[in-house]
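Descriptive structure summary
Listed below are the residues making up each chain.
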Amino acid sequence: MKKIKILFLLLCVMGFSQSDDEKQIRAIYNKALTNSMAYDWLNHLSNQIGGRLSGSVEAQQAVDYTKKELDKLGLDRVWLQPVMVPKWVRGIAEYANIVNENGTTVNVPICALGGSVATPALGIKANVIEVEGIDDLHSLGKEKIEGKIIFYNRPMNPTDIVTFTSYRGCVDQRYSGAAEAAKYGAVGVIVRSLSLSLDDYPHTGSMSYGELPIKDRIPAAAISTKGANLLSTSLKLNAKTTFYFKQISHPLFFI
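Here we summarise the structure given alongside this text. (Residues numbered from 1 in each chain as written. Predicted model: local features only at pLDDT ≥ 70, side-chain atom pairs only at ≥ 80, totals over all residues. Heavy atoms only, no water.)

Details of the pattern of salt bridges
Within the structure shown, the criterion is met by 6 salt bridges. In this structure, the salt-bridge partner of K67 is D71, at a minimum N-O distance of 3.0 Å. With a gap of 4 residues between them, K67 and D71 both fall in helix α3 (residues 57-72), about one helical turn apart. Residue classification places D71 among the partly exposed positions, given a relative accessible area of 39%. The closest approach of N and O atoms between D216 and K215, which form a salt bridge, is 3.2 Å. Look at K215 and you get exposed, because its relative accessible area is 72%. (Salt bridge = Lys/Arg side-chain N within 4 Å of Asp/Glu carboxyl O. Helix = DSSP H or I, 4+ residues; strand = E, 2+ residues; numbered from the N terminus. Buried < 20%, exposed > 50% of the residue type's maximum accessible area, 1.4 Å probe, protein only.)

As structure tokens, then:
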């Protein structure tokens, strides 16, 4: 009987503590929803500082700003910890055009993928092989790919109600497409922008060469969705259509 009384008292205490915890959590929750600075912080990071590639001046500005804001909150301790980060510099604006068999050209918007190597100083001009993804690439083999520019043109699925699901279904061609194409002797890679919008604004993003030796790495860039449609149509009309692009990007290193 004594043990039952002790257990009852413990349960009462635990119930009281839980109630206090719930009140505290609710107060934090309400504060976050009604008086939060989150959107102000996000606005400053996104619109006042802008792009924050690792190793960039903007990345350091974001770190300094965040520390200053955390200090204002009166937290027990806020400190910065030195870390090694990869740095990649895009260089001057990229340039590309579709070259028809008669020599006429049509400029299209591209943007180097983050981490991509540069093209040769004079750029790259080659015939294009359009594929729907990395599986298509493997089915073609080296004989059809060597010396060509691979054009990954698998679009995001607009019927996916969760946009990230649609994004996830295509991101492998951007992230690993260049590494895989290089294994078959491709000289460059162009990737359809991962966007559901049809426009002339190329969407870049990160990519990786994996364990591919530096000497074997090939340049990769995103092309706008309108540009991708135009390139695809041009190839259907004439398989001998070529593509030229030039990008100047500094190699990855650590600071």
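Brief notes about the sheet that holds strand β6 (residues 149-152)
One open sheet accounts for 8 strands, arranged β3-β2-β9-β5-β6-β7-β8-β4; its pairing is mixed. Both outer strands of the open sheet, β3 (105-107) and β4 (110-112), are each paired with one neighbouring strand and no more. Along the sheet, successive strands turn relative to each other by an average axial angle of 30°, direction set aside. Bridging between strand β2 (residues 95-99) and strand β9 (residues 242-246) involves 5 bridges; their strand directions are antiparallel. (Pairing = 2+ DSSP bridges. Axes fitted to C-alpha atoms, helices over the stretch in contact; angles between N-to-C directions.)

Quick word on the pairing of strand β5 (residues 124-131)
For β5 and β9, the ladder comprises 4 bridges, and the chain directions are antiparallel. Among the inter-strand pairings, I124 is bridged to a residue of β9, identified as F245. Here β5 runs beside β6; their pairing, made up of 4 bridges, is parallel. Bridging across to β6, V128 finds its partner in I149.

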